[in-house]
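Listed below, chain by chain, are the residues.
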Amino acid sequence: MSYWLSVGLSFDIASTTLKKLKDPEPELFISGKGKRFMLLSEVQERSLKLVESNRKKAIASLDEGKPVITVWLEVIYQQLRQKLDKN
């Protein structure tokens with residue numbers, strides 16, 4: 001949750017994204033292992049869409065001037081572990 005808040009998402013969008021991740025990646029909160037995802041801007045719907053990471057789609061979105069937010073579960077999990085280990 002703090003990752004998405006740190007990249008500028010609202011609490012509502014961050015919460016919705018987290019809920020969407022729980023279904024396809026139940027191991028996220030246990031091991032940090034899982035697929036890589038990205039949030040893409042849906043201009044027509046004025047929302048962000050959670051999709052599996054795809055380099056070509058990400059580059060095409062950036063070329064259109066739309067934001068791409070990476071959701072690499074192993075990186076987020078590693079950062080969380082580091083913060084918890086410090087405490």
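Please read these numbers as outputs of a predicted model, since none were measured by experiment.

1. A closer look at the sheet that holds strand E1 (residues 36-42)
Now for step 1: A sheet is described by the order of its strands in space; here three strands give the open sequence E2-E1-E3, paired in antiparallel fashion. Only two strands of the sheet have a single neighbouring strand rather than two, namely strand E2 (47-52) and strand E3 (68-72). Direction aside, the axes of adjacent strands within the sheet are offset by 25° on average.
Now for step 2: Sheet strands in contact with helix H2 (residues 11-22) are E1, E2 and E3, and its direction is about 25° off that of E2.

2. Focus: the confidence of the model for the chain
Detailed reading of predicted coordinates is not advised where the pLDDT is low.
Now for step 1: For the chain, per-residue confidence averages 80 on the pLDDT scale, and 84% of positions sit at 70 or higher.
Now for step 2: Within the chain, no element has a lower average pLDDT than helix H1 (residues 2-6), which sits at 77, and none a higher one than helix H3 (residues 55-63), at 93.

3. A few points about the pairing of E1
Two faces belong to every sheet, and in a regular strand the side chains alternate between them.
Now for step 1: Burial analysis of E1 places six of its seven residues in the buried class, the great majority of the element.
Now for step 2: Two elements, E1 and E3, share five bridges in a ladder whose sense is antiparallel. What sits directly across from methionine 38, in E3, is threonine 70.
Now for step 3: Of the strand pairs in this sheet, E1 and E2 are connected by six bridges, and their pairing is antiparallel. Residue pairing for E2: phenylalanine 37 is matched across the bridge by glutamate 52.

About the criteria used
Residues numbered from 1 in each chain as written. Predicted model: local features only at pLDDT ≥ 70, side-chain atom pairs only at ≥ 80, totals over all residues. Heavy atoms only, no water. Pairing = 2+ DSSP bridges. Helix = DSSP H or I, 4+ residues; strand = E, 2+ residues; numbered from the N terminus. Axes fitted to C-alpha atoms, helices over the stretch in contact; angles between N-to-C directions. Contact = heavy atoms within 4.5 Å. pLDDT = per-residue confidence, 0-100. Buried < 20%, exposed > 50% of the residue type's maximum accessible area, 1.4 Å probe, protein only.

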